[in-house]
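Next come the chains, spelled out residue by residue.
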Amino acid sequence: VLFLSLPLLLSPFQMIGQVFMVVDVPHHCDTSWIRAVGPNLTEEEQLNLTLPRDMDGAYEQCSMYSPVDWDLGSIVAYGLNTTEKCSSGWVYPSTQPPSLLTEFDLVCDRKDLNDISQSIYMLGLLLGAMIFGPLSDRIGRRPIFLSSILLQGLFGVGIAFVPHFYVYMAFRCVVGASVSGILITTLALATEWVGVSSRPKAVLISHCFVAIGQMLLAGLSYGIRNWRLLEIAGSAPMFSFFFYIWVLPESARWLVTKGRIEEARKVLQKAASINKRTIPPGLLEQLKPETQTKSGSTLDLFRKKHLQKVTLIMSCAWFADSLVYYGLSLNVTSFGLDIYLTQLAFGAVELPARFCCIFLLQWFGRKKTQAVLLLLSGLMCLVITGIPEDQPVATTVLAIIGKFTATASFSTSYVYSAELFPTVVRQTGVGLCSMSARVAGIIAPLIHLLGQYHRAIPMAIFGSAPVVGGLLCVLLPETRGTDLADNTGAAAPQLSRRLEILSKRDTTEDEVDLEKDV
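Residues numbered from 1 in each chain as written. Predicted model: local features only at pLDDT ≥ 70, side-chain atom pairs only at ≥ 80, totals over all residues. Heavy atoms only, no water.

Novice: What exactly am I supposed to notice about the overall build of the chain here?
Specialist: If you tally the helices and strands in the chain, you get 23 helices and four strands. Classification of the 518 residues of the chain by burial places 51% in the buried group. Contacts spanning at least 24 positions in sequence make up 79% of the contacts within the chain whose residues lie at least 6 apart. Surface accessibility of the chain: about 22700 Å² in total, with carbon and sulfur atoms responsible for 64%. (Helix = DSSP H or I, 4+ residues; strand = E, 2+ residues; numbered from the N terminus. Buried < 20%, exposed > 50% of the residue type's maximum accessible area, 1.4 Å probe, protein only. Contact = heavy atoms within 4.5 Å. Areas by Shrake-Rupley, 256 points an atom, 1.4 Å probe, with all protein chains shown as cover.)

As structure tokens, then:
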């Protein structure tokens with residue numbers, strides 16, 4: 001679980017690190033053309049002659065007076081009247097460290113490229129869910145996890161050397177796909193290697209590393225203001241995980257479903273030896289596939305009625321989770337703190353949200369926890385729509401509570417989905433759910449644009465989706481304390497499950513009873 005969690009420390013950097021690379025700075029059009037006729041002008045005189053002023057008396061940032069072929073005396077005497085958009089680029093404060101905004105001129109008409117690049121990253125997450133989910137069901141969890149780490153490191157560092165913003169966006173798309181691959185294979189390996197009693201802890205501990213990574217991002221971005229160096233600092237550590245090739249095991253449960261019995265025996269024996277446990281040799285010899293299991297596909301999720309219901313409802317739950325999570329994250333801007341302290345606060349809110357899920361899932365079960373958290377996050381957004389604009393503190397407090405419940409709901413969805421889908425289609429199912437979440441992530445910024453028609457519309461949408469999702473979750477089965485299913489039919493605890501129990505160091509009373517049965 002520790003090995004699976006460490007790469008997640010860098011996931012927040014890839015997801016929201018761009019926020020710190022596009023910090024808005026004062027800028028104006030480059031009007032150095034006038035230096036040809038007035039080489040001795042001061043900077044203030046140059047700006048006064050070549051830039052129009054806005055209603056507040058400040059220089060316009062996105063327009064300039066059209067260049068003319070007059071001499072300096074005529075320009076001073078008659079002035080310039082015709083304006084145009086910046087045609088020769090922009091000028092930024094000389095003390096400003098290189099940033100994405102200043103290096104690629106993400107201002108004025110090019111300002112939208114910043115939001116577009118975030119959507120491109122989300123598209124990468126979507127593509128990663130589509131590609132790596134089914135692929136890991138076919139070729140294994142371990143190779144997908146390792147290749148995703150390599151991709152994130154290579155293309156993450158590569159971003160620091162891109163010469164053009166469109167190349168930057170293409171690299172970001174690949175990084176997004178690799179992050180998605182890491183997230184969904186971490187989920188599968190954690191749930192398939194850990195016993196029933198500790199399964200939620202394993203998944204949610206890995207999620208806590210994401211929250212810690214958010215807080216580390218605040219310090220990293222505060223200390224490194226050069227965007228290229230920041231990109232290297234947030235991506236290069238991925239190469240330190242190369243030793244996983246030798247220490248990270250494949251899922252024994254997946255190996256059994258693929259008929260690779262000898263490999264499954266070896267990894268189970270290794271687990272037993274590390275935990276100082278013994279597996280009876282006769283029991284290992286009995287290990288064989290329960291049935292001739294073939295790789296699952298997306299169609300399998302819709303052939304069986306119970307899987308069809310699980311797939312549709314969990315896809316709605318993930319969509320609602322993502323929509324309200326990113327919707328609130330983009331809207332909470334009234335902390336009164338600088339951007340680095342705000343990011344620290346975001347991470348601080350997420351850590352207890354993810355941690356408390358460990359206890360909520362054990363006490364109340366998966367279904368109740370998922371439904372209630374979705375309903376609460378939606379209700380917070382709906383209440384915000386009725387708060388006057390002159391009450392920013394109340395709005396911010398409700399938004400933080402909503403983000404807390406949305407974060408906890410997202411973590412719950414990971415655990416619940418992994419338990420609802422059988423092994424042969426687990427990655428495919430979780431990948432499909434992840435796809436719906438990424439679609440929500442792409443459209444969340446677009447929903448904010450509806451605020452120009454009425455300020456309550458975005459929050460009403462962000463609030464309605466999780467309320468509907470929470471009500472639908474009532475129709476799902478409870479999975480607390482149940483064994484993972486291996487195939488798409490009804491599944492009882494199989495021999496592979498019993499062997500996993502015998503290879504573990506810690507046992508619960510239920511597991512001891514099962515061991516006695518063996």
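Having put the structure on the table, let's press on.
Novice: Teacher, can you tell me more about the side chain of arginine 366 here?
Specialist: Positionally, arginine 366 belongs in helix α18 (residues 366–384). Taking the relative accessible area as the measure of exposure, arginine 366 reaches 1% and is therefore buried. At 2.8 Å, the side chain of arginine 366 forms a polar contact with the side chain of glutamate 419. Aside from chain neighbours lying at most four places away, what touches arginine 366 is Pro200, Leu361, Thr412, Val415, Tyr416, Glu419, Glu478, Thr479 and Arg480. (Polar contact = N/O pair within 3.5 Å; in protein donor to acceptor, adjacent residues only side chain to side chain.)

Novice: How should I be thinking about the packing of aromatic side chains in this particular structure?
Specialist: Where two aromatic rings form a pair, the distance of their centres and the angle of their planes describe that pair. Counted under the stated rule, the structure contains 15 aromatic pairs. Judged by centre distance (5.0 Å) and plane angle (90 degrees), the rings of phenylalanine 243 and tyrosine 244 are edge-to-face. Here phenylalanine 243 falls in the partly exposed class, since its relative accessible area comes to 30%. Since its relative accessible area comes to 0%, tyrosine 244 is described here as buried. Look at phenylalanine 359 and tryptophan 363: their rings are 5.7 Å apart centre to centre, the planes differ by 35 degrees, and that puts the pair in the tilted class. Residue phenylalanine 359 and its partner tryptophan 363 are both found in helix α17 (residues 339–364); the two are separated by four residues, about one turn of the helix. An aromatic cluster is built from Phe3, Phe145, Phe241, Phe243 and Tyr244, whose rings are joined through pairwise contacts. (Phe/Tyr/Trp six-rings, centres within 6.5 Å; stacked < 30°, edge-to-face > 60°.)

Novice: Mind showing me how you'd approach the packing of helix α6 (residues 112–139) against helix α7 (residues 141–159) here?
Specialist: Geometrically, a packed helix pair is captured by the angle between its two axes and the distance between the axes. One way to put it is that α6 packs onto α7 with a least axis distance of 7 Å and a crossing angle of 135 degrees. In terms of orientation, α6 and α7 fall into the oblique class. Along the contact surface, α6 presents Phe132, Leu135, Ser136, Asp137 and Ile139, while α7 presents Arg141, Pro143, Ile144, Ser148 and Leu151. When grouped by side-chain class, the residues that make up the contact of α6 with α7 number six nonpolar, two polar and two charged. (Axes fitted to C-alpha atoms, helices over the stretch in contact; angles between N-to-C directions. Parallel < 35°, antiparallel > 145°, perpendicular 65-115°, else oblique. Nonpolar A, V, L, I, M, F, W, Y, C, P; charged D, E, K, R; others polar.)

Novice: Help me understand the UniProt feature "signal peptide" (unreviewed entry) in the chain, please; the structure alone is not making it clear to me.
Specialist: Taken from the UniProt record, the annotation "signal peptide" (unreviewed entry) applies to residues 1–17. Here residues 1–17 runs as 59% helix and 0% strand, with 25 Å between its end C-alpha atoms. (UniProt positions renumbered as here; feature names shortened; annotations may be inferred.)

Novice: So what exactly am I meant to see when it comes to the packing of α17 against α18 here?
Specialist: Put simply, α17 and α18 touch, their axes get as near as 7 Å, and they point 125 degrees apart. Viewed along their axes, α17 and α18 adopt a mutual orientation that is oblique. Of the residues in α18, those touching α17 at Leu360, Leu361, Gln362 and Phe364 are Arg366, Lys368 and Thr369. The residue inventory of the contact of α17 with α18, partitioned by class, reads three nonpolar, two polar and two charged.

Novice: Is there a simple way to think about the environment of alanine 271 in this case?
Specialist: Tracing the backbone shows alanine 271 in helix α13 (residues 261–274). Along the backbone, alanine 271 and tryptophan 193 are 78 residues apart, and their C-alpha atoms lie at a distance of 9.7 Å.

Novice: Got a minute to help me understand unusual backbone geometry in this structure?
Specialist: Most of the time, phi is negative for any residue but glycine, and the peptide bond is trans. One non-glycine residue, cysteine 108, lies in the positive phi region at around 55 degrees. Residue placement: cysteine 108 occurs in the loop between α5 (100–103) and α6. One non-glycine residue, lysine 276, lies in the positive phi region at around 55 degrees. On the secondary structure map, lysine 276 appears in the loop between α13 and α14 (281–285).

Novice: Got a minute to help me understand a nonpolar patch on the surface in this structure?
Specialist: Side chains of Leu2, Phe3, Phe242, Phe243, Ile245, Trp246 and Val247 sit close together on the surface and give an oily, nonpolar patch of about 700 Å² of accessible area. Contributions of two or more residues to the nonpolar patch are made by α1 (2–5) and α11 (244–247). You can see phenylalanine 3 is positioned in helix α1. (Patch = residues over 30% accessible without salt bridge, like charges linked within 9 Å, V, L, I, M, F, W, Y side chains within 5 Å. Salt bridge = Lys/Arg side-chain N within 4 Å of Asp/Glu carboxyl O.)

Novice: Before we go on, may I ask you to explain the environment of threonine 311 in this structure?
Specialist: Of note, threonine 311 is situated in helix α16 (residues 305–331). Residues threonine 311 and leucine 420, spaced 109 residues apart in sequence, show a C-alpha to C-alpha distance of 9.0 Å. Leaving out residues up to four positions away in the same chain, threonine 311 has contacts with Leu301, Phe302, Phe421 and Leu432.

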